[in-house]
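Here's the letter readout for the chains.
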Amino acid sequence: MRKRLSLRELYRASTYELEWEPTYVKKEEAFPYHEYEGIKVTDWGKWEDPFRMTHEAYVKLQAEKDKIFYSVLDSFAQTQSFLNLSDGRYVNALKLFFTGVTPLEYMAHRGHALVSRAFPSSRIGFSAFCQSLDELRHTQTQLHTASLYNQYFHGLHSIRRMHDRVWYLSVPKSYFDDAHTGGPFEYMTAISFSFEYALTNLLFVPFMSGAGYNNDQPTVNFGFSAQSDEARHMTLGASFIRFVLEQHEDNLPIVQEWLEKWMWRGYRVTLLAGVLMDYFLPKKLMSWKEALELYFEQQVVNGLMRDLEPYGVKPLKSAEYALKEVLTAVHDVYWVLFSFTHAAAFHTWIPDEEHLDWLCEKYPDTFPQHYRPRWEKVREMREKNGVRFYYPGLPQLCTVCQFPVLFVNPDDPRKFVFRYSVYRGEIYHFCSDFCKWIFDREPEKYIQSWLPVHEIYAGRCGGPTVADVLAWYGFEGDNMDYFESEDYRNWVEWHKAATA
């Protein structure tokens, strides 16, 4: 009688040593991308997938999670539970999340499919293949959740179009475009290690907890459904970096620069999550500062990076600066979104006194002195003149991270950080020393950046007027102040009808 394979043996038989030697092409022609970055791999057989999941087990697990997910989604839809949200303003957090993050899930799906094909190893190829399927499933569950809210609120009707065109969404888009246009090793460092292992907790855990605190069960549901996948992605990223560092000593300086670059770029993207936590959630669970100290300082800077020190990895200067900037950066980002809400697919509002008190409590060293007076001035202008403040022009964008160049110096918040480089007679602008450093390493790559403000001035975004640009974006009553919006009026009417 044939012996039944153990789970470990079944996994190895299903995923290991499945590649073959090509006969009519050279191996370097079949796998042209895994050498040009300069990474040296002496033995692909040293790669060990820490999760050891077979395709059969993977499909069964995801099918079971989908059953639970869609049953909760159906219940929410049938009972119109969106009326139980803490406040109608909360939906604007979903607008920013679904238009900013969900397309990234699909880009990660495509990227890991490419990586699965790029490496001449079935071991790492199967791991990347499973993550590619994960990311596609995450895209689907988030789009299905967004469709519930799209029935009742503006700003969720054209997520893909917005991702490709809208100015503030170029911040997350540029991150994945940057990763996709690198080689497979750099892509894995950018996405599997930096984004998934080091930063995914910042993006998902606090916001999902805040969603539950604001009675948004569908968002909590897709977050929990994805969390076991994220755990697998994190282990893949950590194992990959260790594998590369163990293969050859020449890999260390390359990996060190990648870590510096992608930790900074990823941190910049997660500032959008900070805005959700500190400004968009009506009921607040924790501040962005507290989240960064817990999930970034303790787990990444004092945990993960120190674990890599035996391999020769040095502390990251970009991470140190991020922890210093935590007292100011998220307030600068919300001010930008507030000032340009007339060109955004969501609504903002002036923080009330209770909200300002909370921010002063969480950021006592900066907010009372440098930010509260600004919001009180804006409220005074509105009460006197009946007109809300909007910035009348277009901002200068950072060539690398594509945020407006409006971040202040954390050592002196009265001054802006503004850097530039001259390349081939052209001036390129940056919001930080780290973005400038990234550009100076690979200027030929970043001079190709698609910068929305530049494209608008060039007339390539629908036309010369604001109305032309908004029509090109595909907006339909999605912008301006929340308390002047159709979303707000509908929210009030629905609750009147429900209570009547």
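Criteria and thresholds
- Residues numbered from 1 in each chain as written.
- Predicted model: local features only at pLDDT ≥ 70, side-chain atom pairs only at ≥ 80, totals over all residues.
- Heavy atoms only, no water.
- Core = buried A, V, L, I, M, F, W, Y, C linked by side-chain atoms within 4.5 Å.
- Buried < 20%, exposed > 50% of the residue type's maximum accessible area, 1.4 Å probe, protein only.
- Helix = DSSP H or I, 4+ residues; strand = E, 2+ residues; numbered from the N terminus.
- Contact = heavy atoms within 4.5 Å.
- Salt bridge = Lys/Arg side-chain N within 4 Å of Asp/Glu carboxyl O.
- Expected span 1.5 Å × (residues − 1).
- Phe/Tyr/Trp six-rings, centres within 6.5 Å; stacked < 30°, edge-to-face > 60°.
- Lys NZ or Arg CZ within 6 Å of the ring centre and 35° of its normal.
- Axes fitted to C-alpha atoms, helices over the stretch in contact; angles between N-to-C directions.
- Parallel < 35°, antiparallel > 145°, perpendicular 65-115°, else oblique.
- Nonpolar A, V, L, I, M, F, W, Y, C, P; charged D, E, K, R; others polar.
- Patch = residues over 30% accessible without salt bridge, like charges linked within 9 Å, V, L, I, M, F, W, Y side chains within 5 Å.
- Areas by Shrake-Rupley, 256 points an atom, 1.4 Å probe, with all protein chains shown as cover.
- Arc of directions from axis to C-beta.

Asks: Before we go on, may I ask you to explain the nonpolar core in this structure?
Replies: Across soluble globular proteins, nonpolar side chains show a tendency to be buried alongside one another. Within the largest apolar cluster, 144 residues are counted, with the highest numbers of intra-cluster contacts made by Y168 and W288. Here this core gets 16 residues from one element, more than from any other, and that element is helix 12 (residues 251-280). Setting aside residues up to four positions removed in sequence, W288 forms contacts with L202, T270, L271, A273, G274, M277, D278, V326, V330 and Y363. If you look at the next biggest cluster of nonpolar residues, it comprises six residues, including Y11, Y16, M53 and C130.

Asks: Quick question: what am I supposed to make of the pattern of salt bridges here?
Replies: Where charged atoms from two side chains of opposite charge come close, those side chains can pair. In this structure the tally under the stated criterion is 35 salt bridges. Residues R137 and D66 are paired through a salt bridge, measuring 2.8 Å at the closest nitrogen-oxygen approach. Here R137 is found in helix 6 (residues 122-150), whereas its partner D66 is found in helix 3 (residues 55-78), with 71 residues between them in sequence. Judged by its relative accessible area of 24%, D66 is partly exposed.

Asks: Which parts of the structure should I look at to understand helix 3?
Replies: Between its first and last C-alpha atoms helix 3 spans 34 Å; for 24 residues at 1.5 Å apiece the expected length is 34 Å, and the two agree. Contacts made by the buried residues of helix 3 are with helix 6 and helix 11 (217-247). Q80 sits one or two positions beyond helix 3 and adopts a positive phi of about 50°.

Asks: Quick question: what am I supposed to make of the side chain of R137 here?
Replies: On the accessibility criterion, R137 (6% relative accessible area) is buried. Excluding anything up to four places from it in sequence, R137 contacts Q62, K65, D66, S225 and D229.

Asks: Honestly, the packing of aromatic side chains in this entry has me stumped. Any pointers?
Replies: Two measures describe an aromatic ring pair: the distance that separates the ring centres and the angle between the ring planes. Under the defined criterion, the tally for this structure stands at 53 aromatic pairs. Measuring from centroid to centroid gives 6.0 Å for F98 and F222, while their planes differ by 45°, and the two rings are tilted. Taken together, the residues F98 in helix 4 (residues 91-100) and F222 in helix 11 connect sequence positions 124 residues apart. Each member of the pair, F98 as well as F222, is classed as buried. For the cation-ring pair, K283 lies above Y213, with the distance from its terminal atom to the ring centre recorded as 4.7 Å. Above the face of the W335 ring, R374 is positioned so that its terminal group lies 4.8 Å from the ring centre.

Asks: For this particular structure, what's the right way to read the environment of A108?
Replies: Note on placement: A108 falls in helix 5 (residues 102-118). A residue is classified by how much of its surface remains accessible, and A108, at 3% relative accessible area, is buried. Measuring from C-alpha to C-alpha, the distance between A108 and A179 comes to 9.6 Å, with 71 residues separating the pair along the chain. Excluding anything up to four places from it in sequence, A108 contacts E135, F176 and Y187.

Asks: In this structure, what is going on with the environment of G183? I would like to understand it.
Replies: Take G183: it is sitting in the loop between helix 8 (170-180) and helix 9 (184-198). A residue is classified by how much of its surface remains accessible, and G183, at 4% relative accessible area, is buried. The sequence separation of G183 and Q142 amounts to 41 residues, and the corresponding C-alpha distance is 28 Å. The residues touching G183, leaving out its near neighbours within four places in the chain, are Y36 and E37.

Asks: Teacher, can you tell me more about unusual backbone geometry here?
Replies: Glycine aside, residues mostly have negative phi, and peptide bonds are mostly found in the trans state. A positive phi angle, close to 70°, is found at Q402, a residue other than glycine. Mapped onto the fold, Q402 is located in the loop between helix 17 (367-385) and strand 1 (408-409). In the Ramachandran plot, R424 falls in the positive-phi region, its phi being about 55° despite a non-glycine side chain. Its location among the elements puts R424 in the loop between strand 3 (419-423) and strand 4 (426-430). Judged by its relative accessible area of 66%, R424 falls in the exposed class.

Asks: Mind showing me how you'd approach the packing of helix 4 against helix 5 here?
Replies: A pair of packed helices is characterised by two quantities: the angle between their axes and the separation of those axes. Look at helix 4 against helix 5: their axes get within 3 Å of each other, and the N-to-C directions meet at 20°. Comparing their axes, helix 5 and helix 4 come out roughly parallel. Of the residues in helix 5, those touching helix 4 at F97, F98, T99 and G100 are T102, P103 and L104. Split by residue class, the contact of helix 4 with helix 5 holds four nonpolar, three polar and no charged.

Asks: When you look at a nonpolar patch on the surface in this model, what are you seeing that I'm missing?
Replies: Nonpolar side chains collect at one region of the surface, where F418, Y420, V422 and I427 lie side by side and expose about 410 Å² of accessible area between them. By secondary structure assignment, the location of V422 is in strand 3.

Asks: Help me out: how do you make sense of helix 18 (residues 433-441) in this one?
Replies: Side chains that are three or four residues apart share a direction in an α-helix, a result of its 3.6 residues per turn. Listed in full, the buried residues belonging to helix 18 are F434, C435, I438 and F439. Seen end-on, helix 18 carries its buried residues on one side only, within an arc spanning 140°.

Everything listed here is a matter of coordinates, which is why it stays silent on function.
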